[in-house]
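# Architecture and fold: a report
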Amino acid sequence: MTTRLLFASPLYQQRLDDSDMLDELARSIRYLAEADGAGQQWCEEKDYYGYTSYASLDDLPQRDPVFADLAKWLTKQARAFAKELAWDHKPKLDSIWVNLMHPGAHHAAHIHPHSVLSGTLYVDVPDGAGTIRFEDPRLPMMMAAPLREGDVSEHLRTHVDIAPERGTLLLWESFLRHEVRPHHGEEDRLSVSFNFA
Ligand SMILES: [Fe+2]
């Protein structure tokens, strides 16, 4: 007897092993959170508990060389992932933005439209910071599915929580729904997110 696994949802995990670059990114994120008035206003309007440059700045790699360096490294990682996925396509960085989440913040479940790969690099993850939770994309079809037993392996769960660390990079296919669980720490949680087309 054989049970075959079909239709995987791959998640690419890597480490940015460059403490200086992570420090510089943290400085830049904190600076943008102070200086970007349009972004602050958008966050206020959307009830985003912290700051994101998502809707206000589309030129981070031109604005700050550390994001230009990061964009190169991310492109290398996205190409490696695309190769693993056997894609006949070289992903190109389409958008990149920063997130600073205050204690108490969370981010509701969402997908990233108009892109093929999405991901996040974690720059500062204080104790108690929210995990990222991925959802089985087939969940809407599972109306009659029985509950599963407690501690099962990742590929059998409907949700998988990952607790990133400073320097963790996660990359996934953009259709994969995910959320950021509530931040129970005491310091801001800093990250850089991006889409590849
Ligand atoms: Fe996201």
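Now for a look at the structure at hand. None of the values given here were measured: they were computed from a predicted structure. (Residues numbered from 1 in each chain as written. Predicted model: local features only at pLDDT ≥ 70, side-chain atom pairs only at ≥ 80, totals over all residues. Heavy atoms only, no water.)

## Overview of the pairing of strand E10 (residues 189–196)
- Of all the eight residues making up E10, eight are buried; the element is thus mostly covered by neighbouring parts of the structure.
- The alternating pattern of E10 places Arg189, Ser191, Ser193 and Asn195 on one face and Leu190, Val192, Phe194 and Phe196 on the opposite face, and all of these are buried.
- Taken together, the seven bridges between strand E5 (residues 117–124) and E10 define a ladder with antiparallel strand orientation. Looking at E10, one finds that Thr120 is bridged to Ser193. (Buried < 20%, exposed > 50% of the residue type's maximum accessible area, 1.4 Å probe, protein only. Helix = DSSP H or I, 4+ residues; strand = E, 2+ residues; numbered from the N terminus. Pairing = 2+ DSSP bridges.)

## Here we look at the nonpolar core
- Judged by nonpolar contacts, the single largest core of 37 residues is most densely connected at Phe67, Leu70, Leu121 and Val123.
- Elements that contribute at least two residues to this core include exactly helix H1 (19–35), helix H4 (65–84), strand E3 (93–101), E5, strand E8 (168–173) and E10.
- Not counting residues up to four positions away in its chain, the partners in contact with Leu121 are Leu16, Leu22, Leu25, Leu70, Trp73, Gly167, Thr168, Leu169, Ser191, Val192 and Phe194.
- Counting eight residues, the second-largest nonpolar core is a separate cluster that includes Ile132, Phe134, Ile162 and Trp172. (Core = buried A, V, L, I, M, F, W, Y, C linked by side-chain atoms within 4.5 Å. Contact = heavy atoms within 4.5 Å.)

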